[in-house]
Amino acid sequence: MFIKFQNVHRLVWALFYIILQISGESRNDEAFNNMEALMRKLGQSFFEFSNGITKFNELRDSFSQKGQSIEDVNINQVFSDVNARLHGSLQGRTDAIQKVADYAEPRAFDHHNSVPTPQLPKSYFNAKQLNKPPPPPAESGDDDGKPPPYCTFCTQNCTFSTLLQMSYNEHFKVDVNLNRSSVHVPTSIYECDRALLEALVWSSDLEEPFKNNYKQNPTLGWQYFGSSTGFLRQYPAMKWPNDNSDKNSPDLYDCRFRPWYTASATSPKNLLILLDVSGSMTGLRRRIAKAVVNSILDTLTENDYVNVFKFSDLTEVLVECTNDTGKPILLQATLENLRELRMSMEQKTYGMSDYVIALSKAFDSLKDNLGRSESANCNQAIMLVTDGAPSYFQDLFNKYNKHKKIRLFTYLVGREVTDYKEVQWMACYNRGYFVHVGSLGEVQEQVFKYIPVMARPLVMSQKREVIWTPVYANHAEIVESEWQWELKTRKKQKLRSVNYKWFFHNVAENNIKKGANKSSIHAFSDNGKKDKKSDIFILALHKLKSFLDYGHPNISYKNIRRMEAEAEYYKKRNLHMFKDYEGKKFNFIVSASYPVYDIRNYTNTSKERIANFLGVVGTDVSIEELKDLTSPFQLGVNAYAFAITNNGHIVFHPDFRPLYDNNILKPNYNSLDLTEVELVHKNGLFRNNDEELLQMRTDMIDKNDADPSPKRILSVRVHRDGFKRVSLRNQTYVFGKIPKTQYTLAIEVPVNATVYKGEIEVFIHWKDESKNIVTNYFDPNSSYVDKNGDLKTPQRNWRIHPDWTYCRYLTPGKLNFSHTKEDILIHFIKRIQGSIVAWKWGSITLRWVEDGVDYYVCNRDLVQSIVFDAMVTKTFGESQEILNDQKFQNLIKSAGAELLVSGVLSSFVATRSGLTRWMDYPRDAKLNPTDIPFTDYHPRAIDESWYQRSVERALIEEDSYLVSVDFDAGARNYSRVTATRAIMASAKNGKKAPVAVVGVQYDLDKFLSFFGIGPERQEEPKNICQDENFDCFILDENAFVIGSDESRDDSGQFFGDVDKYAMEALLNSSIYEEVRVVDFQAICFQQIIRTSVANLLLTPFRQISLIINWFLGYLASLLLRLNFPMILTNPFVLTDPDPDYLNDDDEDPSGDRMPFVEYASVNKTKLRPCDVEYKLFMYGPGYILERNTLDRRARLMCDETCHDYLNVQRIPFTNLIIVIVEAKCRCGRGYKNNRRSVEGKEIEYPVYHNLKNKTKENPVFSELCRIPQPPLYRKTLSHCHSFDNDESIMKEDCGGASSHKESWSIVLVVTTVVLRTMFAT
């Protein structure tokens, strides 16, 4: 009976619970319905208020009524115009350098044939010494008659004459002298070398064609001649940016190792480098050999192919995964591949050299790679780097290289080596060159000597071709960027070390005094075990980590986010306001180069056949100028132009991101492939290798004419805002060759794009200047008289696109360079309107115009369009008191938008022509006074993310505002909400086109309060978000939180970081969908494995053992060269300690050390290219299909104890939704493991099985294999000159031996000194 009663009791409670649930759901349904009505009302009010304060309707009607036409984009016509501009500009460069070369060769000929020989120059303008202050006068009796050290004079009794008058030139962006050229001499070359001075004599005449070229075409950039003797003559004269005054940043520039020089000096080549790693290649020899290989790699361009074999007993590829089914392949000489080869040269030396196997494998590999698409298929050469060979190996060469099609260059390394005959003979027999490299200082000069030999067929053919380089950073090297990263790491290490010592003595010691003795501290830090007395120190450990990272021992997570937000904010502000900063440090350019030959076929005296390569002339074009020539205004919003090389690599593209952290070159910055920037919208692709994209890439490379190709359509994924947002877009492509270059141009426009035409003919001359002065459209109230009678000019509230060329002078000094672009535009508009004769605009192919003594460039379409836009938007700039307007006040009351009024910070309008107007309103006192106005660092109109997103939004839903916040909004005390809406002008033919975007900024708290979830929300009307049982979140189209009623810190965060399970519920209900985006330009940090050198300090017997090993290795090499039988069979190893890791301050490990010192150490890393995957989000089918009536419930399940539904409702007339979640189901909020983040993750591709262990030992070693690079189609250059029959009749010139002699006494003395030093210590 009791049991039955108990069951009945349970049944009653169950029924009661069900009734409560039903009644609760009923109440919730009613609350949700009320919420839907409230959001509809608030959305409508927000829409009307924002329209009113931005004058949206008035502007839209004005654009629609005053515009001339709206038509579909004629992509073929756009392509033809852009290609004509690019071709005209590049052809002007080509013509200029050909004139210089044609002028140079006769001057060199006359110089060499002059009798008597012309006198050498007494001085020249050395670019590194220009305008240095004179040194103090020498003390009496101290003058030794030598030239002063600060000037480049090559005779005695010279006077200081290196002062050269220079002035700032806006075109060149530095101080220059337009009447002179300056000379740069590499640091490693003697400045008064006779061969260099002789070349300086005849090349000084090049100033005449330089100046004539610049006068005839003032858009020309730098013109220069790179001599085979090493100097660079550059016009106009300038002071070299690096004069070696900073020892931490030496001048490493040598023009002969730049891509423009080597590309013109030799035809494409396949190189196989044989690196001797036998037991004798230790110490200095090893370092010299490594430097030789590095210098050889420096001479290669992306049209060359290379690989490195290490050889001793065995011959192996340096990077193991470069074997293709057992056969070594050649790698394209991109910066990335060359860097990995360099990083893999840290090899141990062992055994003895087997030249037969090494040379045989090298010849076989070159033969196997000849004819492959991944090959230069032109010149072939083997570069042998060794300290001596035991034989001539004539039979081997007769077998593999009978016709001498493969050249052999030999580099004998080591100061004391004397057995050079065999190595020299091998080079001479195989049409190569031999050099002896005895020191590190002569490596670069000796390596370069192979270039003139490879150039002989070119010189003999007397054929010349203009070569255009891939994009590169002028005056910069990858090694410099790696050095900058090293300095940055060291600076960070120093700061952390100082912080650690301060913290330990000021914080940790206090805790020790409170009860944690040193023995317990060491027990915890050394053994990882906690005893009773170490509890206090655990707190100190957390404080230590906090202090080392943030400079404060008790910083909270919230304050950490705030600090990071502030740093990111100012970084972003500086990037926008001072975007030319990176251009000042890294000027990304392409160069046109043209070879200069010695046109003498025979010497003057002995009449011997000669083929001397004199140098290369060239000129630059900046990437910014190429992008400007594509006329982004003509292309329109979300359209762009890009170009690729014959290798499929990007020349310019809007997603070209060559810098890491805005100041360090990425290792692979100039080998970015088309497949790595056009991200096709398909899943399951391996490294974006889509068939349609690959076919388009192939067709672009093969295109031989300038006619636009048939249209191609691709669906692509477009990432924005640092891979936080994504959208999908169908794009149309056409492409064609830029004539007489190696580049292919492509134009992309969105499918169904339209173009709006609205212009004003500025050239109108009025006798009465008060009529129709178009500058009044920009500054309607340009000046006024205040109450004191003073003339005042109000602050300008408009800006133009800082990267576009409207009008500018090419004549130096015409306008002060401090003038803003807005000043220059107004100046030109006044000139145009006031011109008596018709204004000269220039043509498509010839943009610059000569007007008397003035040279200028004006873009007719852009200038007349921005004047039209200024006229239409004039009313926006005239409204100073819109909030006090009675009509607008009535709108505010009817819309219930009083909260919005108090939260308005600014409004703005940006147009298609780059014009941006804004209006600031009284700010809330709590805002930081240093906050920079939105329009001050977002002046780029159609190139801004919010502009492009607004246009995309309008195509989905025209009557809608795009609302967004900064990603760090919740971490800052002052934050803004930005709402933007695209103006779609309409025409009589029914077509619409985006012409502008209006926007308004609100205070974040006021905005959220208006929608019922902010700190100032009103009690009426009631809404479900006021119920403590529910949490409400407002999200945008990419699932970022605009705000929540739970925590202000949520603003700007990705919703998955706030509530993982709620985000998954939105995904499961198709409100959002996941889109995978891969960043193929990402940079990861590779930790450098630190090799301990402590074992070298343990005992002197270890040192003795190493020296004996070295001595035996040297003896074995000597016996091998003398053809003695090999007796010693054990390897001879000597690992050189890395001095970078030696620390004089390190204490004895057995002593009383400071605890937790490992936390003060910064992991030493290198930057390495990698692929990073991002899983981003956008509205899915559930939103798109129901966006007008969205009221969706989604199943939310955290675990077995918590499951319920969340409610999703749309906020009409915006891109926002509101998500309502029951508070009881907020499981795991804030826990790191319960977050679904949009942060990127490196893609770990499967590495070769036999490399896995080596990857663990040193991940850098197999970096080349970490990212598989499937071979992509490329096109070899047309010019190939690898052999000429006249070479056989030339006098043999294949190098000579050094005068250094080997001295056993020196070896014995050095060994004795080292041993005595060790035993003495």
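Details of the structure are given in the entry above.
Residues numbered from 1 in each chain as written. Predicted model: local features only at pLDDT ≥ 70, side-chain atom pairs only at ≥ 80, totals over all residues. Heavy atoms only, no water.

Q: Hey, could you go over the pattern of salt bridges for me, with residue numbers and the actual values?
A: Per the stated rule, a full pass over the model turns up 47 salt bridges. Residue aspartate 598 is joined to arginine 600 by a salt bridge in which the shortest nitrogen-to-oxygen separation is 2.8 Å. Taken individually, aspartate 598 and arginine 600 each receive the classification buried, so the pair is uniform in this respect. Among the ionic pairs, lysine 682 bridges to glutamate 692, the shortest N-O distance being 3.5 Å. Taken together, the residues lysine 682 in the loop between strand E23 (664–665) and helix H21 (691–702) and glutamate 692 in helix H21 connect sequence positions 10 residues apart. What you see here is one network of salt bridges that share partners, running through Asp254, Arg256 and Glu445. (Salt bridge = Lys/Arg side-chain N within 4 Å of Asp/Glu carboxyl O. Buried < 20%, exposed > 50% of the residue type's maximum accessible area, 1.4 Å probe, protein only. Helix = DSSP H or I, 4+ residues; strand = E, 2+ residues; numbered from the N terminus.)

Q: Account for helix H9 (residues 355–369), with residues named and values stated.
A: Taking 1.5 Å of rise per residue, the 15 residues of H9 would be expected to cover 21 Å, and the 21 Å separating its terminal C-alpha atoms lies within 8% of that figure. Listed as buried for H9 are Tyr355, Ala358, Leu359, Ser360, Ala362, Phe363, Ser365, Leu366 and Asn369. If you check the start of H9, you find a side-chain oxygen 3.3 Å away from the backbone N of valine 356, and it comes from aspartate 354. Within two residues after H9, glycine 371 carries a phi angle of roughly 95 degrees, on the positive side. (Expected span 1.5 Å × (residues − 1). Polar contact = N/O pair within 3.5 Å; in protein donor to acceptor, adjacent residues only side chain to side chain.)

Q: Describe the sheet that holds strand E26 (residues 744–750), with residues and values.
A: Taken in spatial order, the five strands make up an open sheet running E21-E20-E26-E25-E24, and their pairing is antiparallel. Whereas interior strands pair on both sides, the edge strands pair on one side only; in this sheet they are strand E21 (650–652) and strand E24 (712–720). Geometrically, the sheet is characterised by an average inter-axis angle of 40 degrees between neighbouring strands, direction not taken into account. Pairing of strand E25 (residues 725–737) with E26, which is carried by seven bridges, proceeds in the antiparallel orientation. The residue of E26 that forms the bridge with threonine 732 is valine 749. (Pairing = 2+ DSSP bridges. Axes fitted to C-alpha atoms, helices over the stretch in contact; angles between N-to-C directions.)

Q: Outline the packing of aromatic side chains, listing residues and values.
A: Summed over the entire model, instances satisfying the criterion amount to 57 aromatic pairs. Ring geometry for phenylalanine 397 and tryptophan 425: centres 6.4 Å apart, planes at 40 degrees, overall tilted. Of the two residues, phenylalanine 397 is situated in helix H10 (residues 394–400) and tryptophan 425 in helix H11 (residues 421–429); the sequence distance between them amounts to 28 residues. Given the relative accessible area of 24%, tryptophan 425 is considered partly exposed. For the ring pair tryptophan 839 and tyrosine 856, a centre distance of 5.0 Å and an interplane angle of 25 degrees mean the geometry is stacked. Here tryptophan 839 is found in the loop between helix H22 (821–834) and strand E32 (848–851), whereas its partner tyrosine 856 is found in strand E33 (residues 854–858), with 17 residues between them in sequence. (Phe/Tyr/Trp six-rings, centres within 6.5 Å; stacked < 30°, edge-to-face > 60°.)

Q: Residues and numbers for the sheet that holds strand E30 (residues 798–799), please.
A: With antiparallel pairing, six strands are arranged side by side in an open sheet as E30-E35-E34-E38-E37-E36. In the strand order of this sheet, the two ends are held by E30 and strand E36 (962–965), each with one partner. Pairing geometry for strand E37 (residues 976–986) and strand E38 (residues 992–1003), over 11 bridges, is antiparallel. Bridge pairing links arginine 976 to aspartate 1003 in E38. Against the sheet, helix H2 (residues 56–66) contacts strand E34 (904–911), E37 and E38, and its axis sits at roughly 30 degrees relative to E37. (Contact = heavy atoms within 4.5 Å.)

Q: So, the environment of arginine 972: which residues are in play, and what are the values?
A: Within the secondary structure, arginine 972 sits in the loop between E36 and E37. As a C-alpha pair, arginine 972 and arginine 1048 span 76 residues in sequence and 9.6 Å in three-dimensional space.

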